[in-house]
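Results of the structural survey
This is what each chain is made of:
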Amino acid sequence: MLSDGMIRVRRVTRITSSEVEAFVRLLPQLSPRLGGITAERAAAIVAAPCTVLFVAEVGTEIVGMLSLVWYDVPSGRKGWIEDVVVDAAVRRRGVGEALLEEALRIARCEGVERLQLTSSPSREAARALYRKLGFEEMETGVFVFKADTK
């Protein structure tokens, strides 16, 4: 697929049916427990002032996505990269790197001082890419509270 086209990363500013269809296809590749996303939910995400949703396209096909979020706290402006997923058919061809480079560029423009992400140890290629781009593995644990469980 990539041999015929260049990777284009764009910031999603308006949700169309193609984005929703791509999210339904891509999110389960990130984690099988993830389903699709409604157009309303996606629209709320792109409307949020401190959130950017990026997609990577080859031609007219969306082949990857990434979310960037930033927030201010007393210790500075922090950011998180979430939901990085590249279609299995085009992995290891530069799509993830293109998405991350654009997210890093925007994070710098927004004054983010510390940008974080998490990655499962089983995702060796993704972790190697994060290191290549300057991310360092921290010696801390991430604690999660799942408010939606009873």
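Here the structure is shown first, and the text comes after it.
None of these values were measured; they are calculated from a predicted model.

This part covers the side chain of Ser67. By the element assignment, Ser67 lies in strand β3 (residues 61–73). Note on Ser67: relative accessible area 9%, which makes it buried. Setting aside residues up to four positions removed in sequence, Ser67 forms contacts with Val52, Leu53, Trp80, Ile81, Glu82 and Asp83.

As a further point, take the nonpolar core. Phe54, Leu66, Leu68, Ile81 and Leu115 are the most contacted members of the largest nonpolar core, which totals 26 residues. At the level of secondary structure, the elements contributing two or more residues to this core comprise β2 (51–58), β3, β4 (76–86), α3 (95–109) and α4 (124–132). Take this core: its biggest share by element is seven residues, from α3. In this structure, Leu68 is in contact with Cys50, Thr51, Val52, Phe54, Trp80, Ile81, Ala103, Ile106, Ala107 and Leu115, ignoring residues within four places of it in sequence.

Enumeration according to the criterion identifies one aromatic pair in this entry. With a centroid separation of 6.1 Å and an interplanar angle of 65°, the aromatic rings of Tyr130 and Phe135 are classed as edge-to-face. A single burial state applies to Tyr130 and to Phe135, both of which are buried.

Relative to the elements of secondary structure, Ser31 occurs in the loop between α1 (17–30) and α2 (39–47). What makes Ser31 buried here is its relative accessible area of 16%. Here the alpha-carbon distance between Ser31 and Gly96, two residues 65 residues apart in the chain, equals 16 Å.

What counts, and where the lines are drawn
- Residues numbered from 1 in each chain as written.
- Predicted model: local features only at pLDDT ≥ 70, side-chain atom pairs only at ≥ 80, totals over all residues.
- Heavy atoms only, no water.
- Helix = DSSP H or I, 4+ residues; strand = E, 2+ residues; numbered from the N terminus.
- Buried < 20%, exposed > 50% of the residue type's maximum accessible area, 1.4 Å probe, protein only.
- Contact = heavy atoms within 4.5 Å.
- Core = buried A, V, L, I, M, F, W, Y, C linked by side-chain atoms within 4.5 Å.
- Phe/Tyr/Trp six-rings, centres within 6.5 Å; stacked < 30°, edge-to-face > 60°.

These results come straight from atomic positions and should not be treated as a statement about function.
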